[in-house]
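# Remarks on the overall topology
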Amino acid sequence: MGPDLNVGTLVTVVLSVAVLPLAMLPALGVVVRRYGRLPAWPLLSALGLLGAGSALAAFTVFPLPEPGQLACDGGTVATHAQLVPFASIPPILHELGEAGLLGTLTGFTFLQVALNVLLFVPYGFFLHQVTRWRPLVITGIAAVTSLLIEVTQGTAVFGLYPCPYRTFDVDDLLTNTLGGVVGLAISLAVARRPFANPARVADTAPPGVLRRSLALLVDLLASTTLDVVVTLTLVAALADGATLEAAEARIDHPAIAIGINLTAFAAAVLLPSLLTRTGATPGQLLLAIAPVDVDDASRPRAARLIRRWGVRWVPWAIIPSLLPAIIGADLVSVLARRDHRSLSDLASATTMRTLGGIAQDRAAARPDDAVDETA
(Lines give C-alpha, C1' and ligand atoms only; values in the text may rest on other atoms or scores of the structure.)
Protein backbone atom coordinates (compact mmCIF):
# COMPACT_ATOMS: atom_id res chain seq x y z
CA MET A 1 0.00 0.00 0.00
CA GLY A 2 2.98 2.32 0.70
CA PRO A 3 2.71 5.97 -0.38
CA ASP A 4 -0.90 5.64 -1.56
CA LEU A 5 -2.03 4.80 1.97
CA ASN A 6 -5.20 6.64 3.03
CA VAL A 7 -8.05 6.28 5.47
CA GLY A 8 -10.42 4.80 2.92
CA THR A 9 -8.15 2.05 1.69
CA LEU A 10 -7.32 0.85 5.20
CA VAL A 11 -10.80 0.97 6.68
CA THR A 12 -12.68 -0.31 3.63
CA VAL A 13 -11.39 -3.87 3.88
CA VAL A 14 -12.32 -4.09 7.58
CA LEU A 15 -15.82 -2.81 6.99
CA SER A 16 -16.23 -5.03 3.92
CA VAL A 17 -15.45 -8.12 5.97
CA ALA A 18 -17.50 -7.00 8.99
CA VAL A 19 -20.69 -5.82 7.29
CA LEU A 20 -22.31 -9.22 6.62
CA PRO A 21 -21.61 -10.78 10.05
CA LEU A 22 -22.80 -7.63 11.83
CA ALA A 23 -25.94 -7.61 9.68
CA MET A 24 -26.67 -11.19 10.78
CA LEU A 25 -26.47 -10.41 14.53
CA PRO A 26 -30.14 -9.33 14.81
CA ALA A 27 -31.03 -13.00 14.21
CA LEU A 28 -30.28 -13.63 17.89
CA GLY A 29 -32.78 -10.96 18.86
CA VAL A 30 -35.38 -12.40 16.52
CA VAL A 31 -35.10 -15.80 18.25
CA VAL A 32 -35.45 -14.33 21.75
CA ARG A 33 -38.43 -12.18 20.90
CA ARG A 34 -40.21 -14.90 18.96
CA TYR A 35 -39.83 -17.69 21.54
CA GLY A 36 -39.18 -15.82 24.79
CA ARG A 37 -36.00 -17.88 25.25
CA LEU A 38 -33.22 -19.50 23.23
CA PRO A 39 -34.50 -22.94 22.12
CA ALA A 40 -31.89 -25.29 20.70
CA TRP A 41 -32.85 -25.36 17.01
CA PRO A 42 -33.73 -21.65 16.57
CA LEU A 43 -30.51 -20.73 18.40
CA LEU A 44 -28.50 -23.09 16.18
CA SER A 45 -30.15 -21.51 13.13
CA ALA A 46 -29.24 -18.01 14.31
CA LEU A 47 -25.63 -19.02 14.91
CA GLY A 48 -25.62 -20.82 11.55
CA LEU A 49 -26.79 -17.64 9.84
CA LEU A 50 -24.03 -15.68 11.58
CA GLY A 51 -21.49 -18.29 10.46
CA ALA A 52 -22.80 -18.29 6.88
CA GLY A 53 -22.61 -14.49 6.76
CA SER A 54 -19.05 -14.56 8.10
CA ALA A 55 -18.03 -17.18 5.51
CA LEU A 56 -19.51 -15.12 2.67
CA ALA A 57 -17.76 -11.99 3.91
CA ALA A 58 -14.40 -13.77 4.10
CA PHE A 59 -14.90 -15.31 0.65
CA THR A 60 -15.69 -11.88 -0.78
CA VAL A 61 -12.42 -10.25 0.22
CA PHE A 62 -9.83 -12.92 0.98
CA PRO A 63 -7.22 -13.90 0.03
CA LEU A 64 -5.87 -10.40 -0.59
CA PRO A 65 -3.14 -10.14 -3.23
CA GLU A 66 0.38 -9.50 -2.00
CA PRO A 67 1.99 -6.11 -2.77
CA GLY A 68 3.31 -6.15 -6.32
CA GLN A 69 1.42 -9.33 -7.16
CA LEU A 70 -1.49 -7.56 -8.88
CA ALA A 71 -0.79 -6.68 -12.53
CA CYS A 72 -3.20 -4.04 -13.85
CA ASP A 73 -3.61 -3.48 -17.58
CA GLY A 74 -5.16 -0.03 -17.29
CA GLY A 75 -8.66 -1.23 -18.16
CA THR A 76 -11.86 -0.03 -16.51
CA VAL A 77 -14.03 -2.00 -14.11
CA ALA A 78 -16.26 -2.94 -17.06
CA THR A 79 -13.38 -4.59 -18.89
CA HIS A 80 -12.85 -6.84 -15.88
CA ALA A 81 -16.50 -7.94 -15.73
CA GLN A 82 -18.25 -10.97 -17.22
CA LEU A 83 -21.71 -9.68 -18.12
CA VAL A 84 -23.03 -12.49 -20.37
CA PRO A 85 -25.64 -14.65 -18.58
CA PHE A 86 -25.03 -18.42 -18.65
CA ALA A 87 -21.56 -17.97 -20.19
CA SER A 88 -20.34 -20.83 -18.01
CA ILE A 89 -22.69 -23.36 -19.65
CA PRO A 90 -20.95 -23.78 -23.08
CA PRO A 91 -17.54 -24.61 -21.51
CA ILE A 92 -19.23 -27.27 -19.33
CA LEU A 93 -20.98 -28.79 -22.38
CA HIS A 94 -17.71 -28.75 -24.32
CA GLU A 95 -15.93 -30.46 -21.44
CA LEU A 96 -18.75 -33.04 -21.29
CA GLY A 97 -18.08 -33.99 -24.89
CA GLU A 98 -14.32 -34.08 -24.39
CA ALA A 99 -13.93 -35.68 -20.94
CA GLY A 100 -17.23 -37.47 -20.38
CA LEU A 101 -19.58 -37.17 -17.41
CA LEU A 102 -17.12 -38.14 -14.68
CA GLY A 103 -14.39 -35.91 -16.05
CA THR A 104 -16.81 -33.00 -16.31
CA LEU A 105 -18.15 -33.42 -12.76
CA THR A 106 -14.60 -33.41 -11.38
CA GLY A 107 -13.35 -30.66 -13.68
CA PHE A 108 -12.60 -27.10 -12.57
CA THR A 109 -15.28 -25.47 -14.76
CA PHE A 110 -18.18 -27.46 -13.34
CA LEU A 111 -16.86 -27.43 -9.77
CA GLN A 112 -16.57 -23.66 -9.86
CA VAL A 113 -20.27 -23.36 -10.77
CA ALA A 114 -21.30 -26.04 -8.26
CA LEU A 115 -19.35 -24.40 -5.43
CA ASN A 116 -20.97 -21.05 -6.19
CA VAL A 117 -24.35 -22.75 -5.72
CA LEU A 118 -23.30 -24.62 -2.57
CA LEU A 119 -21.80 -21.46 -1.04
CA PHE A 120 -25.26 -19.90 -0.68
CA VAL A 121 -27.23 -22.99 0.38
CA PRO A 122 -26.51 -22.54 4.14
CA TYR A 123 -27.21 -18.82 3.85
CA GLY A 124 -30.65 -19.34 2.27
CA PHE A 125 -31.45 -22.19 4.66
CA PHE A 126 -30.59 -20.42 7.92
CA LEU A 127 -32.00 -17.08 6.75
CA HIS A 128 -35.41 -18.67 6.25
CA GLN A 129 -35.20 -20.75 9.44
CA VAL A 130 -34.60 -17.60 11.50
CA THR A 131 -36.92 -15.14 9.80
CA ARG A 132 -39.62 -17.37 8.24
CA TRP A 133 -40.08 -14.66 5.64
CA ARG A 134 -41.88 -15.39 2.38
CA PRO A 135 -39.88 -17.29 -0.27
CA LEU A 136 -39.82 -14.29 -2.61
CA VAL A 137 -38.23 -12.14 0.11
CA ILE A 138 -35.57 -14.76 0.93
CA THR A 139 -34.75 -15.12 -2.78
CA GLY A 140 -34.47 -11.36 -3.13
CA ILE A 141 -32.13 -11.09 -0.15
CA ALA A 142 -29.94 -13.88 -1.53
CA ALA A 143 -29.76 -12.04 -4.86
CA VAL A 144 -28.94 -8.69 -3.21
CA THR A 145 -26.26 -10.31 -1.03
CA SER A 146 -24.68 -11.91 -4.08
CA LEU A 147 -24.83 -8.59 -5.92
CA LEU A 148 -23.06 -6.91 -2.99
CA ILE A 149 -20.33 -9.56 -3.17
CA GLU A 150 -19.90 -9.15 -6.93
CA VAL A 151 -19.82 -5.34 -6.70
CA THR A 152 -17.23 -5.54 -3.91
CA GLN A 153 -15.05 -7.81 -6.04
CA GLY A 154 -15.68 -5.97 -9.30
CA THR A 155 -14.75 -2.57 -7.85
CA ALA A 156 -11.50 -3.90 -6.36
CA VAL A 157 -13.01 -3.76 -2.84
CA PHE A 158 -14.42 -0.28 -3.50
CA GLY A 159 -11.10 1.10 -4.71
CA LEU A 160 -8.83 -0.61 -2.20
CA TYR A 161 -6.74 -1.87 -5.13
CA PRO A 162 -5.97 -0.15 -8.45
CA CYS A 163 -7.81 -2.89 -10.36
CA PRO A 164 -9.98 -5.89 -9.46
CA TYR A 165 -8.24 -9.08 -8.41
CA ARG A 166 -11.55 -10.90 -8.96
CA THR A 167 -14.09 -10.23 -11.69
CA PHE A 168 -17.71 -9.20 -11.48
CA ASP A 169 -19.44 -12.27 -12.97
CA VAL A 170 -23.15 -12.26 -13.71
CA ASP A 171 -23.11 -16.08 -13.71
CA ASP A 172 -21.86 -16.00 -10.11
CA LEU A 173 -24.83 -13.78 -9.28
CA LEU A 174 -27.22 -16.32 -10.84
CA THR A 175 -25.62 -19.41 -9.28
CA ASN A 176 -25.38 -17.79 -5.84
CA THR A 177 -29.06 -16.89 -5.99
CA LEU A 178 -29.85 -20.45 -7.08
CA GLY A 179 -27.96 -21.71 -4.03
CA GLY A 180 -30.07 -19.46 -1.81
CA VAL A 181 -33.23 -20.90 -3.40
CA VAL A 182 -31.99 -24.47 -2.81
CA GLY A 183 -31.34 -23.62 0.84
CA LEU A 184 -34.80 -22.06 1.04
CA ALA A 185 -36.41 -25.22 -0.37
CA ILE A 186 -34.68 -27.37 2.24
CA SER A 187 -35.73 -24.96 4.96
CA LEU A 188 -39.37 -25.07 3.88
CA ALA A 189 -39.33 -28.84 4.41
CA VAL A 190 -37.55 -28.60 7.78
CA ALA A 191 -39.89 -25.82 8.96
CA ARG A 192 -42.76 -28.33 9.06
CA ARG A 193 -41.01 -30.41 11.74
CA PRO A 194 -42.03 -29.91 15.41
CA PHE A 195 -38.46 -29.30 16.63
CA ALA A 196 -38.24 -26.28 14.32
CA ASN A 197 -41.34 -24.70 15.89
CA PRO A 198 -40.92 -24.64 19.69
CA ALA A 199 -43.65 -23.05 21.78
CA ARG A 200 -43.26 -19.50 23.02
CA VAL A 201 -42.91 -18.89 26.77
CA ALA A 202 -43.30 -15.75 28.86
CA ASP A 203 -39.92 -14.04 28.94
CA THR A 204 -39.94 -13.14 32.64
CA ALA A 205 -37.44 -15.54 34.24
CA PRO A 206 -33.90 -14.29 35.00
CA PRO A 207 -31.64 -14.62 31.94
CA GLY A 208 -29.46 -17.72 31.83
CA VAL A 209 -25.71 -17.95 31.37
CA LEU A 210 -25.98 -18.67 27.62
CA ARG A 211 -28.12 -15.61 26.96
CA ARG A 212 -25.86 -13.32 28.97
CA SER A 213 -22.79 -14.79 27.28
CA LEU A 214 -24.23 -14.15 23.81
CA ALA A 215 -24.98 -10.55 24.80
CA LEU A 216 -21.35 -10.16 25.89
CA LEU A 217 -20.18 -11.75 22.63
CA VAL A 218 -22.15 -9.19 20.61
CA ASP A 219 -20.60 -6.36 22.63
CA LEU A 220 -17.15 -7.88 22.10
CA LEU A 221 -17.69 -8.04 18.33
CA ALA A 222 -18.94 -4.46 18.16
CA SER A 223 -16.12 -3.17 20.38
CA THR A 224 -13.41 -5.07 18.55
CA THR A 225 -14.64 -3.93 15.14
CA LEU A 226 -14.74 -0.30 16.26
CA ASP A 227 -11.32 -0.64 17.92
CA VAL A 228 -9.79 -1.93 14.67
CA VAL A 229 -11.42 0.85 12.63
CA VAL A 230 -10.23 3.55 15.05
CA THR A 231 -6.69 2.11 15.04
CA LEU A 232 -6.50 1.87 11.25
CA THR A 233 -7.94 5.36 10.84
CA LEU A 234 -5.33 6.78 13.19
CA VAL A 235 -2.56 4.89 11.41
CA ALA A 236 -3.75 6.20 8.05
CA ALA A 237 -4.07 9.77 9.37
CA LEU A 238 -0.48 9.69 10.64
CA ALA A 239 0.96 8.00 7.56
CA ASP A 240 1.54 11.18 5.53
CA GLY A 241 3.24 9.32 2.70
CA ALA A 242 5.11 6.92 4.94
CA THR A 243 4.94 3.18 4.73
CA LEU A 244 2.34 1.31 6.73
CA GLU A 245 5.06 -0.02 9.05
CA ALA A 246 6.38 3.49 9.74
CA ALA A 247 2.89 4.79 10.45
CA GLU A 248 2.24 1.95 12.87
CA ALA A 249 5.51 2.71 14.65
CA ARG A 250 4.30 6.25 15.37
CA ILE A 251 1.45 4.95 17.53
CA ASP A 252 3.37 2.00 18.97
CA HIS A 253 3.11 3.27 22.53
CA PRO A 254 1.19 1.63 25.41
CA ALA A 255 -0.59 4.87 26.36
CA ILE A 256 -1.84 5.38 22.81
CA ALA A 257 -3.03 1.77 22.53
CA ILE A 258 -4.87 2.04 25.86
CA GLY A 259 -6.45 5.33 24.80
CA ILE A 260 -7.69 3.79 21.54
CA ASN A 261 -9.09 0.78 23.36
CA LEU A 262 -10.87 2.85 26.00
CA THR A 263 -12.33 5.16 23.35
CA ALA A 264 -13.64 2.27 21.26
CA PHE A 265 -15.03 0.34 24.25
CA ALA A 266 -16.70 3.43 25.69
CA ALA A 267 -18.27 4.37 22.35
CA ALA A 268 -19.48 0.82 21.60
CA VAL A 269 -20.67 -0.25 25.06
CA LEU A 270 -20.74 2.48 27.74
CA LEU A 271 -22.29 5.33 25.77
CA PRO A 272 -25.25 3.27 24.47
CA SER A 273 -25.98 1.98 27.99
CA LEU A 274 -26.03 5.53 29.34
CA LEU A 275 -28.35 6.70 26.57
CA THR A 276 -30.83 3.81 26.40
CA ARG A 277 -33.98 3.85 28.48
CA THR A 278 -33.15 0.46 29.99
CA GLY A 279 -29.43 1.00 30.59
CA ALA A 280 -28.64 -1.97 28.35
CA THR A 281 -25.58 -2.30 26.14
CA PRO A 282 -26.13 -3.10 22.44
CA GLY A 283 -25.61 -6.82 23.08
CA GLN A 284 -27.94 -6.82 26.08
CA LEU A 285 -30.59 -4.88 24.18
CA LEU A 286 -30.37 -7.35 21.30
CA LEU A 287 -30.86 -10.30 23.68
CA ALA A 288 -33.69 -8.44 25.50
CA ILE A 289 -31.94 -8.21 28.89
CA ALA A 290 -30.89 -5.22 30.98
CA PRO A 291 -29.23 -4.40 34.32
CA VAL A 292 -31.37 -3.23 37.26
CA ASP A 293 -30.54 -2.00 40.74
CA VAL A 294 -30.37 -4.94 43.10
CA ASP A 295 -32.39 -3.04 45.74
CA ASP A 296 -35.49 -1.83 43.90
CA ALA A 297 -35.13 -3.27 40.37
CA SER A 298 -35.05 0.23 38.86
CA ARG A 299 -32.81 1.39 36.04
CA PRO A 300 -29.28 1.79 37.41
CA ARG A 301 -27.99 5.31 37.87
CA ALA A 302 -25.23 6.53 35.54
CA ALA A 303 -22.53 6.02 38.20
CA ARG A 304 -23.46 2.35 38.57
CA LEU A 305 -23.53 1.82 34.80
CA ILE A 306 -20.06 3.35 34.54
CA ARG A 307 -18.86 1.07 37.35
CA ARG A 308 -20.31 -1.99 35.55
CA TRP A 309 -18.49 -1.00 32.39
CA GLY A 310 -15.25 -0.20 34.20
CA VAL A 311 -14.96 -3.53 36.01
CA ARG A 312 -15.36 -5.54 32.80
CA TRP A 313 -13.87 -3.37 30.07
CA VAL A 314 -11.14 -1.15 31.56
CA PRO A 315 -8.81 -4.03 32.58
CA TRP A 316 -9.14 -5.46 29.07
CA ALA A 317 -8.36 -2.05 27.53
CA ILE A 318 -5.20 -1.76 29.63
CA ILE A 319 -4.01 -5.37 29.26
CA PRO A 320 -5.81 -7.11 26.35
CA SER A 321 -4.44 -10.50 27.36
CA LEU A 322 -6.59 -10.31 30.52
CA LEU A 323 -9.79 -10.84 28.50
CA PRO A 324 -9.99 -14.64 29.05
CA ALA A 325 -9.33 -14.19 32.79
CA ILE A 326 -12.01 -11.47 33.06
CA ILE A 327 -14.63 -13.54 31.26
CA GLY A 328 -13.63 -16.65 33.21
CA ALA A 329 -13.92 -14.88 36.57
CA ASP A 330 -17.33 -13.51 35.60
CA LEU A 331 -18.48 -16.97 34.54
CA VAL A 332 -17.28 -18.55 37.80
CA SER A 333 -19.15 -15.91 39.79
CA VAL A 334 -22.37 -16.42 37.82
CA LEU A 335 -22.23 -20.21 38.17
CA ALA A 336 -21.15 -20.26 41.84
CA ARG A 337 -23.60 -17.74 43.29
CA ARG A 338 -27.24 -18.54 43.93
CA ASP A 339 -28.32 -15.16 42.57
CA HIS A 340 -26.09 -15.69 39.46
CA ARG A 341 -24.53 -12.24 39.71
CA SER A 342 -21.26 -11.57 37.88
CA LEU A 343 -18.32 -9.52 39.18
CA SER A 344 -19.58 -6.46 37.32
CA ASP A 345 -23.02 -7.00 38.90
CA LEU A 346 -21.51 -7.18 42.38
CA ALA A 347 -19.24 -4.17 41.90
CA SER A 348 -22.13 -1.97 40.73
CA ALA A 349 -24.89 -3.29 43.03
CA THR A 350 -26.90 -4.41 40.01
CA THR A 351 -28.29 -7.64 38.61
CA MET A 352 -29.54 -8.78 35.20
CA ARG A 353 -33.19 -9.19 34.27
CA THR A 354 -35.05 -9.86 31.04
CA LEU A 355 -36.96 -6.95 29.54
CA GLY A 356 -40.12 -9.04 29.98
CA GLY A 357 -39.35 -9.51 33.67
CA ILE A 358 -38.70 -5.79 34.14
CA ALA A 359 -42.00 -4.93 32.44
CA GLN A 360 -43.82 -7.47 34.63
CA ASP A 361 -42.32 -5.97 37.81
CA ARG A 362 -43.34 -2.47 36.80
CA ALA A 363 -46.86 -3.58 35.90
CA ALA A 364 -47.20 -5.32 39.27
CA ALA A 365 -46.04 -2.16 41.07
CA ARG A 366 -48.58 0.16 39.42
CA PRO A 367 -51.67 -0.89 41.48
CA ASP A 368 -49.72 -0.27 44.71
CA ASP A 369 -48.70 3.15 43.43
CA ALA A 370 -52.33 3.91 42.65
CA VAL A 371 -53.38 2.91 46.19
CA ASP A 372 -50.68 5.11 47.72
CA GLU A 373 -51.78 8.08 45.65
CA THR A 374 -55.42 7.56 46.66
CA ALA A 375 -54.49 7.34 50.32
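About the criteria used
Residues numbered from 1 in each chain as written. Predicted model: local features only at pLDDT ≥ 70, side-chain atom pairs only at ≥ 80, totals over all residues. Heavy atoms only, no water. Helix = DSSP H or I, 4+ residues; strand = E, 2+ residues; numbered from the N terminus. Contact = heavy atoms within 4.5 Å. Areas by Shrake-Rupley, 256 points an atom, 1.4 Å probe, with all protein chains shown as cover. Buried < 20%, exposed > 50% of the residue type's maximum accessible area, 1.4 Å probe, protein only. Pairing = 2+ DSSP bridges. Phe/Tyr/Trp six-rings, centres within 6.5 Å; stacked < 30°, edge-to-face > 60°. Core = buried A, V, L, I, M, F, W, Y, C linked by side-chain atoms within 4.5 Å. Axes fitted to C-alpha atoms, helices over the stretch in contact; angles between N-to-C directions. Parallel < 35°, antiparallel > 145°, perpendicular 65-115°, else oblique. Left-handed = near helix turned anticlockwise from the far one by under 90°. Salt bridge = Lys/Arg side-chain N within 4 Å of Asp/Glu carboxyl O. pLDDT = per-residue confidence, 0-100. Nonpolar A, V, L, I, M, F, W, Y, C, P; charged D, E, K, R; others polar.

Within the protein, the regular secondary structure consists of 16 helices and four strands. The contacts in the protein between residues at least 6 apart in sequence include a share of 73% that link residues at least 24 apart. Approximately 18,900 Å² of the protein is accessible, and the part contributed by carbon and sulfur atoms is 69%.

Below, the discussion takes up the side chain of T175. Position of T175 among the secondary structure elements: in helix 8 (residues 170-190). Given the relative accessible area of 11%, T175 is considered buried. Ignoring sequence-local partners within four residues, the contact set of T175 consists of V113, N116 and V117.

Of all the five residues making up strand 3 (residues 289-293), five are buried; the element is thus mostly covered by neighbouring parts of the structure. Residues I289, P291 and D293 point to one face of strand 3 and A290 and V292 to the other, with burial holding for every one of them. Two elements, strand 3 and strand 4 (residues 350-354), share five bridges in a ladder whose sense is antiparallel. Note on strand 4: the bridge partner recorded for P291 is M352.

Here we come to the packing of aromatic side chains. The relative placement of two aromatic rings is captured by the distance of their centres and the angle of their planes. Tallied over the full model, the rule gives seven aromatic pairs. For the ring pair W41 and F195, a centre distance of 5.2 Å and an interplane angle of 90° mean the geometry is edge-to-face. With W41 in helix 3 (residues 40-61) and F195 in the loop between helix 8 and helix 9 (209-239), the pair connects residues that are 154 residues apart, well separated along the chain. Here F195 falls in the partly exposed class, since its relative accessible area comes to 45%. A network of ring pairs unites the aromatic residues W41, F125, F126 and F195 as a single cluster.

Moving on to the nonpolar core. A general feature of soluble globular proteins is that nonpolar side chains tend to end up buried together. Membership of the largest hydrophobic core comes to 36 residues, with the highest contact counts inside it found for L28, L38, L49, Y123 and L287. Every element with two or more residues in this core is listed here: helix 1 (7-24), helix 2 (26-35), helix 3, helix 5 (108-131), helix 6 (135-154), helix 8 and helix 9. No other element matches the seven residues that helix 3 contributes to this core. In this structure L287 touches L28, V32, L38, R211, L214 and A215, once residues within four positions along its chain are discounted. Core analysis: the next-biggest nonpolar cluster, separate from the first, contains 13 residues, F265, W309, W313 and A317 among them.

Here we take up the packing of helix 3 against helix 6. Across the interface, helix 3 lies against helix 6 with an axial gap of 9 Å and an inter-helix angle of 25°. Between helix 3 and helix 6, the angle is such that the two are roughly parallel. The crossing of helix 3 and helix 6 is right-handed. Residue-level contacts link L56, F59 and T60 of helix 3 to T145, I149, T152 and Q153 of helix 6.

Applying the stated criterion across every chain yields a total of nine salt bridges. Between R304 and D293 there is a salt bridge; the shortest N-O distance is 3.1 Å. Taken together, the residues span a long stretch of sequence, with R304 in helix 13 (residues 302-318) and D293 in strand 3 at a distance of eleven residues. The two residues R304 and D293 agree in class, both being buried.

A separate point is the confidence of the model for the protein. Of the residues in the protein, 86% reach a pLDDT of 70 or more, and the chain-wide mean stands at 85. A low-confidence stretch, residues 1-7 stays under pLDDT 50, and its non-local contacts, those more than four residues away or across chains, total 13 contacts.

Let us look at the environment of N116. Positionally, N116 belongs in helix 5. Sequence spacing of N116 and L173 is 57 residues, and the spatial spacing of their C-alpha atoms is 8.8 Å. In this structure, N116 is in contact with D172, T175 and N176, ignoring residues within four places of it in sequence.

The next thing to look at is the environment of H94. Turning to its location among the elements, H94 is positioned in helix 4 (residues 89-105). When its relative accessible area of 54% is taken as the criterion, H94 is described as exposed. Sequence spacing of H94 and T104 is ten residues, and the spatial spacing of their C-alpha atoms is 9.1 Å.

Put simply, helix 6 and helix 8 touch, their axes get as near as 9 Å, and they point 145° apart. When the axes of helix 6 and helix 8 are compared, the crossing they make is right-handed. Only D172, L173, N176, T177, G180, V181, L184 and L188 of helix 8 make contact with helix 6, whose side of the interface consists of P135, I138, T139, A142, A143, S146, L147 and E150. Its residues placed into classes, the contact of helix 6 with helix 8 shows nine nonpolar, five polar and two charged.

A27, L28, G29, V31, V32 and Y35 are the residues of helix 2 that are buried. Positioned one or two residues after helix 2, G36 has a phi angle of 70°, which is positive.

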